Amino acid sequence: MPLSSAPGPGHARATRVNHKYGRGGALAYLAAYDVQRAKVLGRCERKTGIVPLST
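Everything numeric here is computed off the predicted structure, so don't read it as measured data.

## Brief notes about the pairing of strand β1 (residues 28–34)
Looking along a regular strand, one sees the side chains alternate between the two faces of the sheet. In this structure, β1 lies alongside strand β2 (residues 39–45), joined through seven bridges in antiparallel fashion. Residue pairing for β2: Leu 30 is matched across the bridge by Arg 43. In this antiparallel pair of consecutive strands, β1 and β2, the connection spans four residues, and Ala 38 shows a positive phi of 55°.

Structure (C-alpha cells):
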C-alpha cells in the first residue's frame, strides 16, 4: 500500500518527499580533558553564551 495517493514520478524524475520537522537550532558541545584522571568530560548546551555579531 503506498504512503500517499499521489501518482508516482514521471519518466526520469525523482520522487519528491515532503518531510515535516521542527527546527531546534544547533547545540554546542563543550568538552574538557582531566589530565590527572585521564578522562574527557563533556556536555551539550543549547547556547554558547557568545553574543552573535550584529551588522
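Picking up where we left off.
## Overview of a nonpolar patch on the surface
Residues Tyr 29, Tyr 33, Val 35 and Val 40 make up a contiguous nonpolar surface patch of about 490 Å² in total accessible area. Among the structural elements, Tyr 33 can be located in strand β1.

## Concerning the pattern of salt bridges
The final tally for this structure, using the stated rule, is two salt bridges. Salt-bridge contacts for Arg 37 lead to Asp 34; the nearest nitrogen and oxygen are separated by 3.4 Å. In this structure, Arg 43 and Glu 45 form a salt bridge, with 2.5 Å as the shortest nitrogen-oxygen distance.

Here is what the cut-offs are and how they apply
- Residues numbered from 1 in each chain as written.
- Predicted model: local features only at pLDDT ≥ 70, side-chain atom pairs only at ≥ 80, totals over all residues.
- Heavy atoms only, no water.
- Pairing = 2+ DSSP bridges.
- Helix = DSSP H or I, 4+ residues; strand = E, 2+ residues; numbered from the N terminus.
- Patch = residues over 30% accessible without salt bridge, like charges linked within 9 Å, V, L, I, M, F, W, Y side chains within 5 Å.
- Areas by Shrake-Rupley, 256 points an atom, 1.4 Å probe, with all protein chains shown as cover.
- Salt bridge = Lys/Arg side-chain N within 4 Å of Asp/Glu carboxyl O.

All we've got here are geometric facts, nothing functional implied.
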